[in-house]
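Reading the structure
The primary structure of each chain is shown beneath.
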Amino acid sequence: MLPVQWEFSGSPNGDEARHLAEASNLPLPIARLLLSRHVDTPERVRQFFEPRLGELADPFMLTGMDQAVERLVRAMRERERVMVYGDYDVDGITSTSLLYLVLNRLGAEVIYYLPNRLIEGYGLSPDGIDYAVDNGVGVILTVDCGITAVEEVEYARSKGIEVIVADHHQPGPQLPAAAAIINPKLLAPGTPIDDLCGVGVSFKLAQALYRALSQDESELEEHLDLVALGTAADIVPLTGENRIITKYGLRQIERSSKPGLKSLCFVASLMGRPITTGQIVFVLAPRINAVGRLGDAKQAVRLLTTRDESVATDIAHHLERENQKRKKLDEETLTQALRQVKQHFDPDRDRAIVLASPGWHQGVIGIVASRLVERFHVPTVMIAIDGDEGKGSARSIAAFDLYDAFRECSDLVLRFGGHKYAAGMSIATDKIPAFIERFKRVAIDRLTSDDMVPKLSIDSRLDPDALTEGFMDILEGFAPFGPQNTRPVFVTDNIQLAGNPFIVGNNHLKFRIRRNGQVFDCIGFNMGDRLGSLASHTGTIDLVYVPERTEWDNNKRLQLRVKDFRLS
């Protein structure tokens, strides 16, 4: 386990925190947490804890929305066939499902298409355009892709098909000549909706269509389950608009009328349980992603759009089986990657990991890259080689922008795209050695030794005595949790151990602490290797933790999930 540097988030002004606590009738530690999240007035406190769908931004704020709506409405009136063209990850699958259902409900003649990851790769492809031609499509609507498809849009136009792009990825130096382009990245930074993911953009398009056609917009609330699913899975900031649609969408998943979502929750053992963003990211999303990673993602769209219970059950079980296959591939690839890391990565010399192998499955290398980033805390690129071409997936740390790094290597790759933390590319096999050398040099130029030390952000100090039922109720109101609205992390200094620590499950460290006669259960996941130092320690410890409620046999108990500790 890498040593971690503790960092306190900015301490709010004491007087300001006291004023907000009094004005909002909240405990002082809660007021401090809210201020650190830029919630600084009683009205903003209300909006934070009780967001309303009526506070969502006007969809026509997005550049290109007027043109996109006008073109789609014309297609409906003239009975032109529209093809929703998506991506094979959860964001692309939910975007496709949402707009397929919405356009169908509005009377459009609509079909959908998702590229095969292993054959076509990411984004709008000539094969997909040819499919549109063969099926009499007049308009292609790309969702969660298309912003860099300059040549492909030209190819579609040459076939008499207009393209509408609804994407959220970083635009390239040239925009495609589409009939309309909707992308929050084209807005000024700081606009309330500049952090939408693909399904968030698709939802704004659905809102705009409903308004243009004078339909009852409340009907769209039944599809917030899809929006929450894609938004949480795409790891975008859960603030502002994203937080509102995710909060309502999580509730909608729990009561969803979609047979596919119900079947998916059933096979994942989530039926009847409250759904959190964590359960989406670690339980539901991997099952939806599995079919796209291993080949054809259309089954996932069928799952989310079908009204047939038996079809939904069959597909959900298929996704479960594919996810088990994907897990096995993950583990095999991780083992091989770690072998390469041992041979080629020197932490004293290198500030990036770049690995390549002809035996790897391109559908799982992104997951394995994420695991290597967690383990070594350096930007990581993994390349699956297939003949004379390699497909790469990359993941990064906070201090390193992958998209910019790929741009510095653009003369060595065939294609690339993505954003700061996750990116992908294609490369000629004979260019891989030069790419490895260049990318590692970029990392050395841009990263300091301090950047490579994992940081643990702590919100504030807290006396565990403050962890009352009422405090925990308010703390749970901070959900949904995600980037820029993470679970609050506290530290308590000089606290006594109560009893002997021990190992539970798969290398998890369990122990108790005592403060003022109260005893608190603590668990440190994957911290079993630290048992010896803790068991032999006779003094107090400084503990960094997240307070959570756990449920066992219908009984809720407070547990401190340990992030780190130091022997005092």
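In short, a report on the structure. From a predicted model like this one, the values you see are computed outputs, not experimental measurements.

1. Regarding the overall build of the protein
- The helix and strand tally for the protein stands at 19 helices and 19 strands.
- Here the C-alpha atoms of the protein give a radius of gyration of 25 Å, agreeing with the 24 Å that 2.2 N^0.38 yields for 568 residues.
- Burial statistics for the protein: of 568 residues in total, 54% are counted as buried.
- Sequence separation of 24 or more characterises 66% of the internal contacts of the protein that already satisfy a separation of 6 or more.
- Approximately 24800 Å² of the protein is accessible, and the part contributed by carbon and sulfur atoms is 47%.

2. Considering helix 7 (residues 150–158)
- Where helix 7 is concerned, the buried positions are Val150, Val153 and Ala156. End-on, the buried residues of helix 7 take up no more than an arc of 125°, which puts them together on one face. Exposed and facing more than 90 degrees away from the buried side of helix 7 are Glu151 and Ser158.
- Here the buried face of helix 7 lies against helix 6 (126–134) and strand 5 (162–166).
- Trailing helix 7 by a residue or two, Gly160 shows a phi angle of about 80°, which is positive.

3. What about the sheet that holds strand 11 (residues 422–428)?
- Strand order in the open sheet made by the 5 strands is 7-8-9-11-10, with mixed pairing throughout. The sheet is open, and its two edges are formed by strand 7 (353–357) and strand 10 (415–418), each paired on a single side. With strand direction ignored, the average angle separating the axes of adjacent strands in the sheet is 15°.
- Taken together, the 5 bridges between strand 7 and strand 8 (residues 380–386) define a ladder with parallel strand orientation. What sits directly across from Val354, in strand 8, is Val381.

4. Here's the deal with the layout of surface pockets
- By volume, the second largest pocket amounts to about 210 Å³.
- Around the second largest pocket sit Leu2, Pro3, Phe345, Pro347, Arg375, Phe376, His377, Val378, Met452, Val453 and Pro454, which together line it.
- Among the residues forming the lining of the second largest pocket, the class breakdown is 9 nonpolar, 1 polar and 1 charged.

5. Some words on the pairing of strand 9 (residues 389–395)
- Burial analysis of strand 9 places 5 of its 7 residues in the buried class, which makes it a mostly covered element.
- Looking at chain direction, strand 8 and strand 9 are connected through 7 bridges and run antiparallel. Following the sheet pairing, Asp386 is matched in strand 9 by Glu389.
- The turn joining strand 8 and strand 9, which pair antiparallel and follow one another in sequence, is formed by 2 residues; a positive phi near 70° is taken by Gly387.
- Pairing analysis gives 7 bridges linking strand 9 to strand 11, with the strands arranged antiparallel. Each bridged residue has a counterpart across the sheet, and for Gly390 the counterpart in strand 11 is Ile427.

6. Things to note about the nonpolar core
- Ranked by internal contacts, the top residues of the largest apolar core, which has 77 residues, are Leu103, Leu141, Leu205 and Leu209.
- Judged by nonpolar contacts, the second largest core, of 35 residues, contains Leu462, Leu475, Phe490 and Ile513.

7. What about the environment of Asp195?
- Secondary-structure assignment places Asp195 in the loop between strand 6 (180–182) and helix 8 (198–212).
- For the pair Asp195 and Ala422, spaced 227 residues apart in sequence, the C-alpha separation works out to 15 Å.
- When residues no more than four places from it in sequence are discounted, the contact partners of Asp195 are Val236, Pro237 and Asn242.

The rules behind each value
Residues numbered from 1 in each chain as written. Predicted model: local features only at pLDDT ≥ 70, side-chain atom pairs only at ≥ 80, totals over all residues. Heavy atoms only, no water. Helix = DSSP H or I, 4+ residues; strand = E, 2+ residues; numbered from the N terminus. Rg over C-alpha atoms; globule rule 2.2 N^0.38 Å. Buried < 20%, exposed > 50% of the residue type's maximum accessible area, 1.4 Å probe, protein only. Contact = heavy atoms within 4.5 Å. Areas by Shrake-Rupley, 256 points an atom, 1.4 Å probe, with all protein chains shown as cover. Arc of directions from axis to C-beta. Pairing = 2+ DSSP bridges. Axes fitted to C-alpha atoms, helices over the stretch in contact; angles between N-to-C directions. 1 Å grid on protein atoms, 1.4 Å probe; cavity = no way out; pocket = protein on both sides within 12 Å on 5 of 7 lines; lining within 4 Å. Points joined across faces, edges and corners; volume = space filled by probe spheres on them. Nonpolar A, V, L, I, M, F, W, Y, C, P; charged D, E, K, R; others polar. Core = buried A, V, L, I, M, F, W, Y, C linked by side-chain atoms within 4.5 Å.

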